[in-house]
Amino acid sequence: LLKAMSRLYVFTAESYREAGALIERAIGLDPEYAQAHAYLAWWLNFQIGEGWSADHAADTRRAIAASERAVALDPEDAFALAVAGHILAFMQRRIDEAQDLFDQALALNENSAFAWGMSALTLAYRGEEAPDWATLEGGAVQPVSVATGE
């Protein structure tokens, strides 16, 4: 799966095919691995969003099924919850249910940049602004400078 992740974000047709094959291989090796299913859904999300899908309807169904499977396998995986939330929002326009999944993801990992980002995108779908760092509840989430570690 790690090799697939490195290929996923190159965004070339070749790297994308490789990433998909590696994700499918990871699922074949361990069908109970929640993150592999979450990454399949995420890969299909890009496949559709970038216009690379040969069968939009079939890939949408697969992405939904993969995201649901990931959450069913590990309902405490913040990444799987955030992917499932994005799939609900982006592909099914089920914004309120998506936000519930983001809330669950952030309750598990309040510093998940991925969950924050997908949640903010979903709020934008609804026409709302994402909260800024200063107004987050209790200030529990604090950005960390890569340069200083503070």
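Residues numbered from 1 in each chain as written. Predicted model: local features only at pLDDT ≥ 70, side-chain atom pairs only at ≥ 80, totals over all residues. Heavy atoms only, no water.

(A) Representation of the overall build of the protein within the structure. Looking only at helices and strands, one finds seven helices and zero strands in the protein. N-terminal to C-terminal, the α/β element order of the protein is α-α-α-α-α-α-α. Sorting the 150 residues of the protein into buried and exposed places 41% on the buried side. Counting contacts in the protein only where the partners sit at least 6 residues apart, residues at least 24 apart contribute 55% of the total. Just so you have it, the protein exposes about 8,300 Å², and 54% of that area is on carbon and sulfur atoms. (Helix = DSSP H or I, 4+ residues; strand = E, 2+ residues; numbered from the N terminus. Buried < 20%, exposed > 50% of the residue type's maximum accessible area, 1.4 Å probe, protein only. Contact = heavy atoms within 4.5 Å. Areas by Shrake-Rupley, 256 points an atom, 1.4 Å probe, with all protein chains shown as cover.)

(B) Representation of the side chain of Thr122. Mapped onto the elements of the fold, Thr122 is located in helix α7 (residues 113-125). Apart from the residues lying within four places of it in its own chain, the contact partners of Thr122 are Ala89, Ile95, Ala98, Gln99 and Phe102.

(C) Focus on the confidence of the model for the protein. For the protein, per-residue confidence averages 86 on the pLDDT scale, and residues scoring 70 or more make up 85% of the total. Taken element by element, the predicted model of the protein shows its lowest mean pLDDT in α7 (85) and its highest in helix α4 (residues 56-73) (97). Per-residue pLDDT stays below 50 along residues 138-150; that stretch engages in 12 contacts with residues further than four places along the chain or on separate chains. (pLDDT = per-residue confidence, 0-100.)

(D) Seen up close, the packing of helix α2 (residues 13-29) against helix α3 (residues 34-49). Between α2 and α3, the least distance of the axes is 9 Å, while the angle of their chain directions is 155°. Classified by the angle between their axes, α2 and α3 sit roughly antiparallel to one another. Handedness of the crossing formed by α2 with α3: left-handed. Here α2 contributes Tyr16, Ala19, Gly20, Ile23, Glu24, Ala26 and Ile27 to the contact with α3, which in turn contributes Ala36, His37, Tyr39, Leu40, Trp42, Trp43, Phe46 and Gln47. Among the residues making up the contact of α2 with α3, the classes are represented as 11 nonpolar, three polar and one charged. (Axes fitted to C-alpha atoms, helices over the stretch in contact; angles between N-to-C directions. Parallel < 35°, antiparallel > 145°, perpendicular 65-115°, else oblique. Left-handed = near helix turned anticlockwise from the far one by under 90°. Nonpolar A, V, L, I, M, F, W, Y, C, P; charged D, E, K, R; others polar.)

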